[in-house]
Structures are given as structure tokens and as C-alpha cells.
Amino acid sequence: MDRVDKLLQVRHVVDLNPHIQIDTACCAACDDRCLWFCPAGCFEAGPEGIAFQYEGCLECGSCRVLCPGVSWDYPAGGRGVTFRFG
Amino acid sequence: MTETCDVLVVGAGPAGTAAALTAARAGLNVVVLERGEYVGAKNLTGGMVLTRVLADLIPDYADRAPLERPVEHQRVMLTDGPRALTLDIGNATFLDPPHNGFTVLRRAFDAWLADEARAAGAVIVTGAVVDDLILERGQVVGVRARLPEGELRASVVVLADGVNSLLAQRAGLRREHRPHDVSLGVKELWRLPAAVIDQRCGLRRGAGAAYAVIGDFLQGIPGGGFLYTNKDSLSVGVVVSPLDLARRQVTADQVLEGFKRIPEIARLTEGGQLVEYGAHLVPEGGYAALPQLSGGGVLVAGDAAGLVVNTGLLLMGMNLALDSGRCAGQAAVAAIRRHDSSAAGLADYERRLGQSVALTAMRAHRRAPALLRRERLFVTYPRLVNDLLADLVTVGAGPKQPFWRLARRRLRGKDALDLAQDAFRGARSL
């Protein structure tokens, strides 16, 4: 089963303000680890470097710990990933 | 306008709720702020909650809590390709009180626990993000929340805001996790009829099993696979080092797919329906990575304090969260009664914790984190064991040799010193 199909099973209440910002200045010196550690596939390698989208984020915090370019905050109250079973 | 209470808890997981419950029962004015849409919305487990502390907190929990199955069988599986050795640690007494552990799903379990705290008088506010702590003369005196009230003041603030505790960092109590001190858990929930689960897992009706699995599916990445039986679903996942995922250039999901392809796992989930996917970090730095646990006006509990034990067979967090939350609640009550919530007044928390299940378990397994970063543990040994046992149950070409001779051949080329060292370290840390 493809990860994209799995991620469709996750309930999100999208916050219109991104809770994660990335500064791609650090990408040049990096091993593109975000492509592998992010369980939601929020980071993608594009023609202009790493592209990031926060909408499918599972709020695990891996990027917070492993990516020096990330500024990470919680989404607005009640927004973001919302597990139905956990 | 500023609201005031005795104890303000950030986070309505097991740690925060246990603290709230304890303080509310003592008659204090308690407010819990939870950022999720509902209690449990941000929480994820494998998983099994051990009953020891839960029973202390709520003696009749078994009659009322939304538990899935009492775990009768703990199965350790060593796999290599299609081969699997399963060690079944069965104990039928675990089906009766005092039990040992129950599988749970966190939305239902955490919501129930929060209702217990509400019934004791705590106020639980959901959808409330806490952005910062209010400090006066080095003492935490409240929080700034994304609420109309804005500021909430309290004699004691309990930080139970989970593995990504931004507040414990702001309070200067902990530094950022080091990358090798965290593990990434990814989990799928598969719906299956209860009778099918009973049959496939060889369980009497309603009894539960917990599987902890290591083998070559991990591709050399420190971690493990797990499978827990719920009433009518299976929790299936892996916990792996995110740093090593990047080194090996694989995703946690690819490791999980490999785990599910092991024939012994594939037969359990076959025909099920995927109903949820999730990911969560686990603070696995152990005793050596513990932060400062208290300060002026503030206590840290649960995942926010890094209170997780990985014994290699069992990843224990919820039990430690409940226990540390209870200790935090007790320390807050004692401090408030003495009108002293300074750092000295709250230092009692660490004394209580020092005698608790939580910290004694952390100390007992303090050597495990270093051991569990060794790659050969996850590939070499499962392969070796399966090779040895295959020799026992198969007949190949040529004359059959006695087992000891085959075993000696298998062990040739393995560094005897490594083996002996790992065995010794394993015995000491588990």
C-alpha cells in the first residue's frame, strides 16, 4: 500500500497559517535527510531544491529535532492532525 | 483579564491528567489546557498500558476504562527473511485482576482518564495552545495561552506537553533532544473481526497478545516492529531511529512495509481494512538524557521529561507518564499547602519520583539506550538464531552432523568477543 493512500486515512483540521517554516539556506550543506525521516512526506526534492508543505504534517517533531532550518510551532488550538483512534 | 488557579497543567495526556486528578482530589483548583480538538487528538500509542500505576490511581479502572484486551501473551519474534523464531511468554493469570497490561487506543483511553479528572473537579479546556510561560523573578507564575483570557496564573505549572515540549525548553529545564535520543514510531490501525484476531493469534476469546519483533526487515536501523491486538483491530508499526533512516535512505513507511511482508506478520493482517495511520516521536535517551525535572513554580512529567524505558522487549511510556504525573500532583499539593512553590518547595517532586516506578525503571535500564544502538543486535543475531534453529529442523545434503558441530560452524567467523560482550551488556541492561 502506498504511503499517500495511508495518509488519506488521517483526519486533519487544516490551520491556514503554516505551523512550520523552513529556511532552505541550510539545505546546501545537508544530506537531504528530510526526504527520509519525515513520515508524512512533507519534504520533496524539486528543481529549485527542497519544497515543503505543512498540510499533511503528523506533528511528530522529527524535523524539529533533525533539521536545522526548521522553525516549529504548534498549529492553532484544535487544528492540525486529529487522531480518531490513536 | 487574568484567571488564577492553584495548579495549571499543560497537556491532557496520561501525565497531565494524572497530575490533575491527584491535585483535584486534594481539593485544589485545577485547570488543564490541551491543544487538541479533543482530549487524545494528538496522542498515539503502540500499545499497551501497564496496570500497576493505573490501578493505584483508579482502583476500579478495569470495570470502567475503555480498554481493548488484557495482554496474556507477550511474543518476542526474531526474523530473518521468511524465517521467524517466536518466543511466547504466556501468563493466563494476566487475564484476571490485578492483570499486567491492557492494549488501548489513545483517543478513547485519554478521554476517559480526563473525564475521571473532571469528575474530581478539574477543568479541562481543549483547543488551547500554550505559547509561553510567565516568569517573575525566575519563578514560573503562569502561562500565556491562545485563549481569550490570554494569561492564566497558577501557584504551580505542570508541563506535560509531550515529547515536543517547547515549554520545558523555554523554562530552561531541558535542552533540545539530540537526534540519536529520539525514535520515530509509525503505526497503522487495521480493522478485523474480533473472532478472526482470536483465531489468527491463537487467543482465547477477548485475550490479547503483544508482539515485539527484530530482524533484517529493519535494514540495520536500530528499532523494532510491533503488533498489538485490540478488540477488533490490530495496531501494527515500527519504532526506528530517524537519523538512521536518513543514513540508509529509507523511510519509516518502507521499513513498516517490509515488516508487514514477514509471512508471520502478513498472515495476521491479511484482509483487514486500514482505518488510521499515524506517527509520533519517542524520547529514548533514557536516564542519561533526563532533563531538570523541576524549578521554581514548575514541574515536568511524562514524555516532556523523557520518561520512557526501552528494555528491548518493551517500550514503556504511559505507565511512567501516569506515575510521574501522580508524583507531580502530590508535590504540587504539598507545596501549595506549605505556601511554598519555589524551586526548593517543589524539589520534593524529584524525591517522590526517585522512589517511583518511573525513575527506578529508568535507572534499572539506564544501559539499554547505548546497547540498543548496536546494529548487529537487529540483524546479525536474529539471523544467527534462525540459522542455528534451521539446522535443528532441516536435513540438508550430505551426512547429518550433530547440532553442536553445526552450531560451531555457524559461530565461526563471528567475533567471539563481540558476542560475549553483547550478551553480558544485554543481561545487565534488560
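Everything numeric in this text was worked out from a predicted model, so none of it was measured.

A. Structural detail: the overall build of chain B. Summing up its helical and strand segments, chain B has 17 helices and 19 strands in all. Its C-alpha atoms give chain B a radius of gyration of 23 Å, within 12% of the compact-globule value 22 Å for 430 residues. Across its three principal directions, the C-alpha atoms of chain B cover 85 × 45 × 40 Å. For chain B, the residues scored as buried account for 60% of the 430 residues in total.

B. Spotlight on the overall build of chain A. Helix and strand counts for chain A stand at three helices and six strands. Sequence-ordered secondary structure for chain A, helices as α and strands as β, is α-β-β-α-β-β-α-β-β. Relative to the 2.2 N^0.38 estimate, which gives 12 Å for 86 residues, the radius of gyration of chain A is 13 Å and therefore close to what a compact globule would have. When the backbone C-alpha atoms are referred to their principal axes, chain A occupies close to 40 × 30 × 20 Å.

C. Inspection of the layout of surface pockets at higher detail. All names here are of chain A. Of the volumes computed, that of the second largest pocket is approximately 240 Å³. Looking at the second largest pocket, the residues that line it are Asp2, Arg3, Val4, Leu7, Leu8, Val10, His12, Ala40, Gly41, Cys42, Gln53 and Gly56. A per-element tally of the lining of the second largest pocket places helix 1 (residues 3-7) first, with three residues.

D. Representation of the interface of chain A and chain B. Taken together, the contacts link 36 residues of chain A with 56 residues of chain B. When chain A packs against chain B, the two sides together hide about 3800 Å² of surface, and 54% of this comes from carbon and sulfur. Our enumeration of links across chain A and chain B arrives at nine salt bridges. A salt bridge links Arg64 of chain A to Glu176 of chain B; the shortest N-O distance between them is 2.7 Å. On inspection of chain A and its partner chain B, the count reaches 26 residue pairs in polar contact (both at pLDDT 80 or more). Looking at the side of chain A that touches chain B, the elements that each hand over two or more residues are helix 1, helix 2 (34-37), helix 3 (62-66) and strand 6 (80-81) of chain A. No other element matches helix 3 of chain A, which puts four residues into the side of chain A that touches chain B.

E. Up close: the environment of Ala111 of chain B. Residue and element names in this part refer to chain B. Here Ala111 lies in helix 4 (residues 106-119). Considering only alpha carbons, one finds Ala111 and Leu87, 24 residues apart in sequence, at a separation of 35 Å. Excluding its chain neighbours within four sequence positions, the residues that come into contact with Ala111 are Val39 and Arg106.

F. Region of the structure containing the environment of Asp422 of chain B. Residue and element names in this part refer to chain B. Within the secondary structure layout, Asp422 lies in helix 17 (residues 416-429). Note on Asp422: relative accessible area 5%, which makes it buried. Note: C-alpha distance between Asp422 and Arg376 (46 residues apart in sequence) is 9.4 Å. With residues near it in sequence (within four places) discarded, Asp422 still touches Leu371, Arg374, Arg376 and Tyr381. Engagement of the side chain of Asp422 in a polar contact is seen with the side chain of Arg374, the distance being 3.1 Å.

G. Main features of the packing of helix 1 (residues 14-25) of chain B against helix 4 of chain B. Residue and element names in this part refer to chain B. The geometry of helix 1 relative to helix 4 is characterised by a closest axis approach of 8 Å and an angle of 15° between their N-to-C directions. In terms of orientation, helix 1 lies roughly parallel with respect to helix 4. Here helix 1 and helix 4 pass one another in a crossing that is left-handed. Every residue of helix 4 that contacts helix 1 at Pro14, Thr17, Ala20, Leu21 and Ala24 is listed here: Arg106, Asp110, Leu113, Ala114, Glu116 and Ala117. Considered class by class, the residues forming the contact of helix 1 with helix 4 number seven nonpolar, one polar and three charged.

H. Broad picture of helix 4 of chain B. Residue and element names in this part refer to chain B. Between its first and last C-alpha atoms helix 4 spans 19 Å; for 14 residues at 1.5 Å apiece the expected length is 20 Å, and the two agree. Arg106, Phe109, Asp110, Trp112, Leu113, Ala114, Glu116 and Ala117 are the residues of helix 4 that are buried. The elements touched by buried residues of helix 4 are helix 1, strand 3 (48-50), helix 2 (51-57), helix 3 (61-64), strand 7 (123-125) and helix 10 (318-337). Immediately downstream of helix 4, the backbone of Gly121 shows phi near 115°, a positive value.

I. Layout of the side chain of Lys6 of chain A. Assignment of secondary structure puts Lys6 of chain A in helix 1. Given the relative accessible area of 0%, Lys6 of chain A is considered buried. Those residues in contact with Lys6 of chain A that lie beyond four places of it in its chain are Met1 of chain A together with Glu188, Asp253, Leu256, Glu257, Lys260, Leu274 and Tyr277 of chain B.

J. The arrangement of the sheet that holds strand 11 (residues 182-191) of chain B in detail. Residue and element names in this part refer to chain B. Within the open sheet, the seven strands sit side by side as 5-4-12-13-14-11-15. Their pairing is mixed. Whereas interior strands pair on both sides, the edge strands pair on one side only; in this sheet they are strand 5 (83-90) and strand 15 (273-283). In this sheet, neighbouring strand axes are inclined to one another by 20° on average, regardless of whether the strands run parallel or antiparallel. Taken together, the eight bridges between strand 4 (residues 71-80) and strand 5 define a ladder with antiparallel strand orientation.

K. Summary view of a positive patch on the surface. All names here are of chain B. Taken together, the side chains of Arg363, Arg366, Arg367, Arg425 and Arg428 present a region of like positive charge at the surface. Position of Arg363 among the secondary structure elements: in helix 13 (residues 357-364). Residue class for Arg363 comes out partly exposed when judged on its relative accessible area of 30%.

L. Spatial organisation of the packing of aromatic side chains. Applying the stated rule across the entire model yields seven aromatic pairs over all chains. Ring geometry for Phe43 of chain A against Phe52 of chain A: centres 4.8 Å apart, planes inclined by 50°, an arrangement best described as tilted. Residues Phe109 of chain B and Trp112 of chain B carry aromatic rings whose centres are separated by 5.8 Å and whose planes lie at 40° to one another, so their mutual orientation is tilted. Here Phe109 of chain B pairs with Trp112 of chain B, and both are found in helix 4, just three residues apart, close to one helical turn. Judged by relative accessible area, which is 9%, Trp112 of chain B ranks as buried. Taken together, the aromatic side chains of Phe37, Phe43 and Phe52 of chain A make up a single cluster linked through ring pairs. Across from the ring centre of Trp72 of chain A, 5.8 Å away, lies the NZ or CZ of Arg64 of chain A, which sits over that ring.

Conventions and cut-offs
Here, residues in each chain are numbered from 1, in the same order as that chain's written sequence. In the order they appear in the text, chains get letters beginning with A and ligands get numbers beginning with 1. Thresholds applied to this predicted model are a pLDDT of at least 70 for local features of residues and 80 or more for the giving and counting of side-chain atom pairs; totals over whole chains, interfaces and linings are not thresholded and use all residues. The side-chain numbers reported here are obtained from all heavy atoms of the structure, hydrogens and water having been left aside. Helix numbering and strand numbering both begin at the N terminus, where a helix is a DSSP run of H or I of at least 4 residues and a strand a DSSP run of E of at least 2. Radius of gyration: over C-alpha atoms. The globule rule applied is 2.2 Å multiplied by the number of residues raised to the 0.38 power. Only protein chains enter the accessibility calculation, which uses a 1.4 Å probe; a residue is then buried when its area is under 20% of its type maximum, exposed when over 50%, and partly exposed in between. Buriedness for pockets is judged along seven lines, at least five of which must meet protein on both sides within 12 Å for an open set on the 1 Å grid over protein atoms alone, while cavities are sets there where a 1.4 Å probe fits but cannot get out, and lining residues have an atom within 4 Å of a point. Grid points are joined across faces, edges and corners, and a volume is the space filled by probe spheres set on the points. Contacts are assigned to residue pairs with any non-hydrogen atoms lying within 4.5 Å of each other. Accessible area, probed at 1.4 Å, shrinks when two parts are joined; the buried area is that loss added up over both. By definition here, a salt bridge exists when the distance from a side-chain nitrogen of Lys or Arg to a carboxyl oxygen of Asp or Glu is within 4 Å. The term polar contact refers here to a pair of N or O atoms within 3.5 Å; inside protein, the definition further demands a hydrogen-donor-capable atom paired with an acceptor-capable atom, and it admits residues adjacent in sequence only when both atoms are side-chain atoms. Every angle, taken between N-to-C directions, lies between 0 and 180 degrees, and every axis is a line fitted to C-alpha atoms, over only the stretch in contact when it is a helix. Roughly parallel refers to an angle under 35 degrees, roughly antiparallel to one over 145, roughly perpendicular to one between 65 and 115, and oblique to any angle outside these ranges. Handedness of a crossing follows from how the near helix is turned relative to the far one, being left-handed for an anticlockwise turn of less than a right angle and right-handed for a clockwise one. All residues other than Ala, Val, Leu, Ile, Met, Phe, Trp, Tyr, Cys, Pro, Asp, Glu, Lys and Arg, Gly among them, are scored as polar; the first ten of these are nonpolar and the last four charged. By definition here, a helix of n residues has an expected span of 1.5 Å times n minus one. Only when DSSP finds a minimum of two bridges between them are two strands counted as paired. Note on patches: the residues involved have over 30% relative accessible area and no salt bridge, like charges join within 9 Å, and the nonpolar side chains Val, Leu, Ile, Met, Phe, Trp and Tyr join within 5 Å. Throughout, the Shrake-Rupley method with a 1.4 Å probe supplies accessible areas, and for residues the shown protein chains are the sole cover considered. Neither His nor the chain ends is counted toward charge; the positive residues are Lys and Arg and the negative residues Asp and Glu. By convention, the charge on Lys lies at NZ, on Arg at CZ, on Asp at CG and on Glu at CD. Each pair of aromatic rings taken from Phe, Tyr and Trp, with Trp reduced to its six-membered ring, is defined by centres within 6.5 Å and is described as stacked if the planes are under 30 degrees apart, edge-to-face if over 60, and tilted in the remaining cases. Lysine NZ or arginine CZ positioned within 6 Å of the ring centre and within 35 degrees of the ring normal marks a charge as sitting over the ring.

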